[in-house]
Amino acid sequence: MLLIKMNFFEFWRQFFQNFKKKVVSPYFLLSTSGCWVFLLGFILIMGSWMQVENGGKNWNEADTFVEKGISICLMGVVIQSVIFIVGIFKFIIESLWKLKK
């Protein structure tokens, strides 16, 4: 197994340089939209949990935010799954098209 050690900042520097050179397509950002939705739901859950732990709200008030956060997380998982399945079918169709030529 090949392990590549790269600094966090070095990774993002190379990513943005490649994005400016159009090596990384905007499809990459679109293909990770389910992950961003999941992250938004996770932040909502953690924010409401921190308010309960700090005594700002009781559990009954924060319960609605936790439920919304869980539903947003599940929606992100479904979106990412659909994108992944469509990507697999796209790869298969493109591979068959290249074989036909």
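Our subject is the structure listed above.
Cut-offs and rules
- Residues numbered from 1 in each chain as written.
- Predicted model: local features only at pLDDT ≥ 70, side-chain atom pairs only at ≥ 80, totals over all residues.
- Heavy atoms only, no water.
- Helix = DSSP H or I, 4+ residues; strand = E, 2+ residues; numbered from the N terminus.
- Buried < 20%, exposed > 50% of the residue type's maximum accessible area, 1.4 Å probe, protein only.
- Contact = heavy atoms within 4.5 Å.
- Patch = residues over 30% accessible without salt bridge, like charges linked within 9 Å, V, L, I, M, F, W, Y side chains within 5 Å.
- Areas by Shrake-Rupley, 256 points an atom, 1.4 Å probe, with all protein chains shown as cover.
- Salt bridge = Lys/Arg side-chain N within 4 Å of Asp/Glu carboxyl O.
- Expected span 1.5 Å × (residues − 1).
- Axes fitted to C-alpha atoms, helices over the stretch in contact; angles between N-to-C directions.
- Parallel < 35°, antiparallel > 145°, perpendicular 65-115°, else oblique.
- Left-handed = near helix turned anticlockwise from the far one by under 90°.
- Nonpolar A, V, L, I, M, F, W, Y, C, P; charged D, E, K, R; others polar.

**Q** For this particular structure, what's the right way to read the overall build of the chain?
**A** Helix and strand content of the chain: 4 helices and 0 strands. Seen in sequence order, the chain has helices and strands lined up from the N terminus as α-α-α-α. Across the 101 residues in the chain, those meeting the buried criterion constitute 14%. Considering only contacts in the chain between residues 6 or more positions apart, those separated by 24 or more positions represent 60%.

**Q** Could you clarify how one ought to interpret a nonpolar patch on the surface in this entry?
**A** The grouping of Trp 36, Phe 38, Leu 39, Phe 42, Ile 43, Met 46, Trp 49, Trp 59 and Val 77 at the surface amounts to a nonpolar patch, some 880 Å² of accessible area in total. Those elements that place two or more of their residues in the nonpolar patch are helix 3 (33-53) and helix 4 (59-100). Looking at the nonpolar patch element by element, the count peaks at 7 residues for helix 3. When you line up the elements, Trp 36 lands in helix 3.

**Q** Teacher, can you tell me more about the side chain of Ser 48 here?
**A** Within the secondary structure layout, Ser 48 lies in helix 3. Residue contacts for Ser 48: discarding those within four places in its chain leaves Ala 62, Phe 65 and Val 66.

**Q** Honestly, helix 4 in this entry has me stumped. Any pointers?
**A** An α-helix turns once every 3.6 residues. As a result, residues three or four positions apart point the same way. For helix 4, with 42 residues, the first-to-last C-alpha span of 60 Å sits near the 62 Å given by 1.5 Å per residue. Of the residues making up helix 4, those classed as buried are Ala 62, Val 66, Gly 69, Cys 73 and Gly 76. Buried residues belonging to helix 4 abut helix 3.

**Q** In this structure, what is going on with the environment of Gly 87? I would like to understand it.
**A** By the element assignment, Gly 87 lies in helix 4. For Gly 87, a relative accessible area of 23% translates into the label partly exposed. The spacing of Gly 87 and Ser 31 is 56 residues in sequence and 8.8 Å in space, taken between C-alpha atoms.

**Q** Help me understand helix 3 in this model?
**A** Taking 1.5 Å per residue, 21 residues should reach 30 Å; helix 3 reaches 30 Å between its end C-alpha atoms and fits that length. Contacts made by the buried residues of helix 3 are with helix 4. Gly 55 occupies a position one or two residues after helix 3 and carries a positive phi of about 85 degrees.

**Q** I tried to follow the packing of helix 3 against helix 4 on my own but got confused; where do I start?
**A** The description of two packed helices rests on the angle between their axes and on the distance between the axes. Relative to each other, helix 3 and helix 4 sit at 165 degrees, their axes nearing to 7 Å. It follows that helix 3 is roughly antiparallel to helix 4 by the angle criterion. Between helix 3 and helix 4 the crossing geometry is left-handed. For the contact of helix 3 with helix 4, the per-class residue count stands at 20 nonpolar, 7 polar and 1 charged.

**Q** I tried to follow the environment of Cys 35 on my own but got confused; where do I start?
**A** In this fold, Cys 35 is placed in helix 3. Residue classification places Cys 35 among the partly exposed residues on the basis of a relative accessible area of 44%. In this structure, the C-alpha to C-alpha distance between Cys 35 and Ser 81, residues 46 residues apart in sequence, is 10.0 Å.

The quantities given are spatial measurements derived from coordinates; they are silent on function.
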